[in-house]
Amino acid sequence: MAFAEEETTAYLGMNLVDDHCDTADGSLTAGWAPSGSCTLSKHAENPAPDALPPPPLAATPDGDSDEEEGVPRARKPSGRYVLAAHRKDEKDGLCRAISRLPRPWVTYRVSGWVGVDAASAGAAAEEGSSSSHAVHVEVRVDGHRPVGGGVAVVEPGKWGEIKGSFRVDDDEPPRSATVHVHGPPAGVDLKVMDLQVCAVNKIPRLRHLRKKADRVRKRDVILKVRGGRAEDGGVSSVAGAHIQVIQVQNSFPIGSCITKAGINNPEYVDFFTKHFDWAVLENELKWYYTEAMQGQVSYADADELINFCDRHGKPVRGHCIFWAVENSVQPWVRALNTEQLRAAVEARLRGLVSRYSGRFPHYEVNNEMLHGSYYRSRLGDDIDAHMFRETAAIDPAPALFVNDYNVESANDPNATPEKYVALITDLQRRGAPVGGIGIQGHVTHPVGDVICDALDKLAVTGLPVWVTELDVSAADESVRADDLEIVLREAFAHPAVEGVMLWGFMQGHMWRSHAQLVNADGKVTEAGSRLVGLRREWTSHARGKVDGNGNFKFRGFHGTYQVLLTTADGEVRKRAFDVKKGDAPLVLDMDF
């Protein structure tokens, strides 16, 4: 599971953006320059504590040094910033060259502080502008091509922390690279402070995650083995006996979406059944699929896939009852008037949820509500919560999830963790029994601590989090494998996350290109091998001898185990047990 040795060099700590705010003459021309129509000026102030975002929720719980373990400390702002004023368009702002060109296929972290001037924002608000504004930090190469960056949504007079990333996914190094800062409406003055662009060193982060996973996902176990025949309570009859502990199931499921076409491919079926625990139907349960024409409802394809999963013992998530994004709503539904739409929504709820009552452990009720409001804009603010309430009334068994994308990427002003928490809070206030949070995970150039920061913010809700639609896209197979490992390790090591679902795994049966774990010819890619290796790493086995007190001790991942005891006369006896979460050692009496 090692990354390229090159990433251990001093290059990783180098800021590719030279800071010119401290030049003797205060000149900005060697650094920041206007982009579009605006004027720049240099300022210095000590930001008030309430003008900064709150610090991280908790220190590293294992007590390890943040710097040693790849968990960057929040830098204290310097107070020196550049202000762009008299902006005439939201694309106007600041730009500067990245003095040391980024290397191809290397992931970079963009960090710093951005803000908007309170006075200018107040004037814009009088004209109908929002009270908070999205500030975009965008990296472009070769003059125009965007390769990533980050977004912070900030209130006037306050600072927001940028936590973005980018990568040049090209074998040829760029000829030039620039960073651009823009986003708020025209007339709102924009501020930038302490911008840094550094290559990401993943090695310390992975070391930290292995330690964290051991703490979060494992437990000490003491098996008190008794033979049941000796006068000493059975100890003497088993002391010294050979014992083998085999984990047969990890309590952290990893699954994938499946398709009707996929299950007709033997190599697809072979990889899925061997390496995934759960399933979700990619499209076959969506409303536009089951009722493409009004009144012509068919669950035949969904039933075929669900029956396939039943035969192979794979639980199936329900995806999805509704979809909030308008272009994902089928034309006949969009043509309905208000009352007709309300009746169609009720019919969909009754038809789908009652048909599969008790079959799904999870439902995604109304997909992507951060990015769409089709039903809310037509049926009122309470309709989303109504969907949750009615689903629970028809089928109380499944956990009801919200589900959305870009929440973990720090690049989408519509999908910040804070906005997701606000959406969930509003649903709960309206009586919606929200039972889980889905973050889709369609990631590009992921950075581990950025993902962890989003998970930390979602964890304050107390709800379980699932990564519901994970795929990573990179034409370079090694980079793709590294990216997949980053997301999987962050999810596995975070106590709020309870499972991961991939959004496909085989070329030709996936929504996203350059994301396959298995090529179309059945060959497993480096990313597929990485997944298999991680699953092996996260499985505990132990063997040895029962000690003189009749005990056998080991530390194992949470899940289901089988224990095999071989007696002195060669007889093999079997027992099963579960290891669940807990801080204290699990002590189990095992009578053989």
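The rules behind each value
Residues numbered from 1 in each chain as written. Predicted model: local features only at pLDDT ≥ 70, side-chain atom pairs only at ≥ 80, totals over all residues. Heavy atoms only, no water. UniProt positions renumbered as here; feature names shortened; annotations may be inferred. Buried < 20%, exposed > 50% of the residue type's maximum accessible area, 1.4 Å probe, protein only. Contact = heavy atoms within 4.5 Å. Polar contact = N/O pair within 3.5 Å; in protein donor to acceptor, adjacent residues only side chain to side chain. Core = buried A, V, L, I, M, F, W, Y, C linked by side-chain atoms within 4.5 Å. Helix = DSSP H or I, 4+ residues; strand = E, 2+ residues; numbered from the N terminus. Pairing = 2+ DSSP bridges. Axes fitted to C-alpha atoms, helices over the stretch in contact; angles between N-to-C directions. Salt bridge = Lys/Arg side-chain N within 4 Å of Asp/Glu carboxyl O. Phe/Tyr/Trp six-rings, centres within 6.5 Å; stacked < 30°, edge-to-face > 60°. Lys NZ or Arg CZ within 6 Å of the ring centre and 35° of its normal. pLDDT = per-residue confidence, 0-100.

(A) Representation of the UniProt feature "active site" (unreviewed entry) in the chain within the structure. Sites flagged by UniProt as "active site" (unreviewed entry) map to Glu469. The class for Glu469 is buried, based on a relative accessible area of 5%. What Glu469 contacts, discounting residues up to four positions off in sequence, is His319, Asn403, Ile439, Gln440, Gly441, His442, Met501, Leu502 and Trp503. Within the structure, the side chain of Glu469 is placed 2.8 Å from the side chain of His442, a separation counted as a polar contact.

(B) View of the nonpolar core. Counting 111 residues, the largest nonpolar core has Leu223, Ile258, Tyr375, Leu470 and Phe577 as the members making the most contacts within it. Take this core: its biggest share by element is 7 residues, from helix H12 (residues 477-493). Aside from chain neighbours lying at most four places away, what touches Leu470 is Gln440, Gly441, Val443, Leu484, Val487, Leu488, Val500, Met501, Leu502 and Trp503. By size, the runner-up hydrophobic cluster in this structure holds 33 residues, among which are Ala152, Phe166, Val179 and Val197.

(C) The arrangement of unusual backbone geometry in detail. In this structure, the amide linkage connecting His319 to the following residue, Cys320, adopts the cis form with an omega of -15°. Within the secondary structure, Cys320 sits in strand S15 (residues 316-323). The residue Trp105 is not glycine, and still its phi comes out positive at about 65°. Note on Trp105: relative accessible area 18%, which makes it buried.

(D) Fine view of the sheet that holds strand S11 (residues 218-226). Spatial strand order, S23-S11-S26: 3 strands in an open sheet with mixed pairing. Only two strands of the sheet have a single neighbouring strand rather than two, namely strand S23 (551-557) and strand S26 (586-591). Ignoring which end each strand starts from, the neighbouring axes of this sheet average 30° apart.

(E) The arrangement of the pattern of salt bridges in detail. Using the criterion set out here, one finds 32 salt bridges in the structure. The salt bridge involving Arg429 is made with Asp426; its shortest N-O contact spans 2.7 Å. With Arg429 and Asp426 both in helix H10 (residues 417-429) and 3 residues apart, this pair spans about one turn of that helix. On the accessibility criterion, Arg429 (61% relative accessible area) is exposed. With a shortest N-O distance of 2.6 Å, Arg530 and Glu485 are connected by a salt bridge. Taken together, the positions of Arg530 in helix H13 (residues 526-537) and Glu485 in helix H12 put the pair 45 residues apart, joining distant regions of the chain. A residue is classified by how much of its surface remains accessible, and Arg530, at 8% relative accessible area, is buried. You can call Glu485 buried: its relative accessible area is 0%.

(F) Structural detail: the environment of Gln247. With respect to the helices and strands, Gln247 occurs in strand S12 (residues 242-250). For Gln247, a relative accessible area of 6% corresponds to the buried category. With 313 residues separating them along the chain, Gln247 and Thr560 place their C-alpha atoms 5.9 Å apart. Once residues within four sequence positions are removed from consideration, Gln247 is found in contact with Trp538, Thr539, Ser540, His541, Phe557, His558, Gly559, Thr560 and Tyr561. Looking at Gln247, its side chain comes within polar contact range of the main-chain oxygen of Gln249, at 3.2 Å. A polar atom in the side chain of Gln247 sits 2.7 Å from the backbone nitrogen of Ser540.

(G) Just the packing of aromatic side chains, in detail. If you walk through the whole model with that rule in mind, you get 24 aromatic pairs. Judged by centre distance (5.1 Å) and plane angle (80°), the ring pair of Phe252 and Phe492 falls under edge-to-face. Taken as a pair, Phe252 in the loop between S12 and strand S13 (254-258) and Phe492 in helix H12 lie far apart in primary sequence, 240 residues in all. Joined through ring pairs, the aromatic side chains of Tyr268, Phe271, Phe272, Phe276, Phe308 and Phe505 make up one cluster. A cation over an aromatic ring shows up here: Arg96 above the ring of Trp32, its NZ or CZ 4.9 Å from the ring centre.

(H) View of the sheet that holds strand S22 (residues 541-545). Ordered by their spatial adjacency, 4 strands build an open sheet running S22-S12-S24-S25, and the pairing between neighbours is antiparallel. Both outer strands of the open sheet, S22 and strand S25 (572-579), are each paired with one neighbouring strand and no more. Direction aside, the axes of adjacent strands within the sheet are offset by 20° on average. One ladder, built from 8 bridges, connects S12 with strand S24 (residues 559-566); its direction is antiparallel. By the bridge assignment, Gln244 is partnered in S24 with Leu564.

(I) Looking closely at the side chain of Thr416. Here Thr416 is to be found in the loop between strand S17 (399-404) and H10. A residue is classified by how much of its surface remains accessible, and Thr416, at 13% relative accessible area, is buried. A polar side-chain atom of Thr416 sits 3.1 Å from the main-chain amide nitrogen of Lys419.

(J) Expanded view of the confidence of the model for the chain. Confidence in the prediction of the chain, expressed as mean pLDDT, is 91, and 89% of residues score 70 or more. Contacts for the low-pLDDT stretch residues 1-8, under 50 throughout, to residues beyond four places or in other chains number 20 contacts. Contacts for the low-pLDDT stretch residues 20-29, under 50 throughout, to residues beyond four places or in other chains number 13 contacts.

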